[in-house]
Amino acid sequence: MFNRTTAIVLVAALAAALGLWASQKFFAGAARSSLPRTEAVRLFDPPRTLPGFSLRQSDGTQLIPGELKGHWTLVFLGFTHCPDVCPTTLAQMSVAQKTWEAIPEASRPRVLFVSVDPDRDTPDKIGEYAHGFHKDTLAATADVPALEDFAKSLSMVFAKVPAPDGAPADQYTMDHSASMVVLDPQGRMAGLVRPPFDPNVIAKDMAVLTGAAP
């Protein structure tokens, strides 16, 4: 049975999805036909400019909007104690990343893993976790208010689910959006990829967007 926190997260996720759908319908126009053809990536027209944010990368440096410019980036929320969705998604994306290794680094698509569990996930820990799937994966986190603002700007949600009765308090889990957000080389929210993920199709779509598709 869902607990109250999970229900709130699901309602918020539905509201966010409806907001994205409404914005797509509102802004879609004649220019829609000029967008590249993609299968897994649902592109927005026009892309959404994101508000300012500041996250801590695994190497201790700050991740600000300017750092994401110049590349197409897939953003995924998660946490290192995640039992299934996070490791599965990162493993799937590592398949796509291996395909992208043939693309010059200057234009290679990137994957950004953002931990929404800063109490347990230090920058070092998220770096070790993410790089265990692929060395090129970016990893970042922040304090909860900054993470909430960042997630909201991407129409994504997360919430802490307390540990079951009788379990240690630190055995809590995190509910979070499972979709990936696509940022364009200008750092704008340009699209969305919803699960289930096919890494080969995603790899192809991102190569198309990058201009590296054969």
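The preceding data block contains the structure.
Right, let's walk through the structure included here. Since the structure is predicted, the reported quantities are computational estimates derived from the model, not experimental observations.

**Some words on the sheet that holds strand β9 (residues 180–183)**
Thinking step 1. Strand order in the open sheet made by the 8 strands is β1-β10-β9-β4-β5-β6-β2-β3, with mixed pairing throughout. The two strands at the open ends of the sheet, each matched to only one other strand, are β1 (42–48) and β3 (62–63).
Thinking step 2. As paired strands, strand β2 (residues 55–57) and β3 are joined by 2 bridges and run antiparallel to one another. Each residue of the ladder has a partner; that of Leu 55, found in β3, is Leu 63.
Thinking step 3. Sitting on the sheet, helix α4 (residues 144–153) touches β1, β2, β4 (73–78), β5 (110–115), β6 (138–141) and β10 (189–193), and the angle it makes with β5 is about 135°.

**Thoughts on the packing of helix α2 (residues 85–100) against helix α5 (residues 199–210)**
Relative orientation and spacing of two packed helices are given, respectively, by the angle between their axes and the distance between those axes.
Thinking step 1. Across the interface, α2 lies against α5 with an axial gap of 8 Å and an inter-helix angle of 40°. What the angle tells us is that α2 and α5 run oblique. Between α2 and α5 lies a crossing of right-handed hand. Between α2 and α5, the residues in contact are Gln 92, Met 93, Val 95, Ala 96, Thr 99 and Trp 100 and Pro 199, Asn 200, Ile 202, Ala 203, Met 206 and Ala 207, respectively.
Thinking step 2. Split by residue class, the contact of α2 with α5 holds 9 nonpolar, 3 polar and no charged.

**Regarding the pairing of β6**
Thinking step 1. Taking every second residue as pointing to the same face, both faces of β6 are buried, with Leu 138 and Ala 140 on one and Ala 139 and Thr 141 on the other.
Thinking step 2. Examined bridge by bridge, β2 and β6 share 2 bridges and lie antiparallel to one another. Bridging across to β6, Gln 57 finds its partner in Ala 140.
Thinking step 3. Looking at chain direction, β5 and β6 are connected through 3 bridges and run parallel.

**Quick word on unusual backbone geometry**
Thinking step 1. In this structure, Pro 46 follows Asp 45 across a cis peptide bond, with omega equal to 5°.
Thinking step 2. By the secondary structure assignment, Pro 46 is in strand β1.
Thinking step 3. The step from Pro 195 to Pro 196 runs through a cis peptide bond, and the omega angle for that step is 0°.
Thinking step 4. At Ser 155, a residue that is not glycine, the phi angle is positive and equals roughly 60°.
Thinking step 5. Relative to the helices and strands, Ser 155 resides in the loop between α4 and β7 (158–161).

**Brief notes about the nonpolar core**
Thinking step 1. Residues Leu 55, Leu 74, Trp 100, Leu 154 and Met 206 are the most contacted members of the largest nonpolar core, which totals 54 residues.
Thinking step 2. Among the elements that make up this core, the one with the highest residue count is α2 (5 residues).
Thinking step 3. Filtering out sequence-adjacent residues up to four positions away, Leu 74 remains in contact with Met 93, Trp 100, Arg 110, Val 111, Leu 112, Met 180, Val 181, Val 182, Val 193, Ile 202 and Met 206.

**Some thoughts on the pattern of salt bridges**
Thinking step 1. Using the criterion set out here, one finds 5 salt bridges in the structure.
Thinking step 2. Taking the shortest distance from any N to any O, the salt bridge between Arg 108 and Asp 136 comes out at 3.4 Å. Pair noted here: Arg 108 is in the loop between α2 and β5 and Asp 136 is in the loop between α3 (123–131) and β6, with a separation of 28 residues, a long-range link.
Thinking step 3. For Arg 108, a relative accessible area of 17% corresponds to the buried category.
Thinking step 4. According to the relative accessible area criterion, Asp 136 is partly exposed, its value standing at 27%.

**Digging into α2**
Thinking step 1. Across its 16 residues, α2 extends 23 Å between first and last C-alpha, which sits within 8% of the 22 Å expected from 1.5 Å per residue.
Thinking step 2. Among the residues making up α2, those that are buried are Cys 86, Thr 89, Leu 90, Met 93, Ser 94, Ala 96, Gln 97 and Trp 100.

**Concerning the environment of Trp 72**
Thinking step 1. Inspection of the secondary structure assignment puts Trp 72 in the loop between β3 and β4.
Thinking step 2. Separated by 39 residues in the primary sequence, Trp 72 and Val 111 have C-alpha atoms spaced 8.8 Å apart.
Thinking step 3. When residues no more than four places from it in sequence are discounted, the contact partners of Trp 72 are Arg 108, Pro 109, Arg 110, Val 182, Leu 183, Asp 184, Pro 185, Ala 190, Met 206, Leu 209 and Thr 210.
Thinking step 4. Looking at Trp 72, its side chain comes within polar contact range of the main-chain oxygen of Leu 209, at 3.2 Å.

The rules behind the values
Residues numbered from 1 in each chain as written. Predicted model: local features only at pLDDT ≥ 70, side-chain atom pairs only at ≥ 80, totals over all residues. Heavy atoms only, no water. Pairing = 2+ DSSP bridges. Helix = DSSP H or I, 4+ residues; strand = E, 2+ residues; numbered from the N terminus. Contact = heavy atoms within 4.5 Å. Axes fitted to C-alpha atoms, helices over the stretch in contact; angles between N-to-C directions. Parallel < 35°, antiparallel > 145°, perpendicular 65-115°, else oblique. Left-handed = near helix turned anticlockwise from the far one by under 90°. Nonpolar A, V, L, I, M, F, W, Y, C, P; charged D, E, K, R; others polar. Buried < 20%, exposed > 50% of the residue type's maximum accessible area, 1.4 Å probe, protein only. Core = buried A, V, L, I, M, F, W, Y, C linked by side-chain atoms within 4.5 Å. Salt bridge = Lys/Arg side-chain N within 4 Å of Asp/Glu carboxyl O. Expected span 1.5 Å × (residues − 1). Polar contact = N/O pair within 3.5 Å; in protein donor to acceptor, adjacent residues only side chain to side chain.

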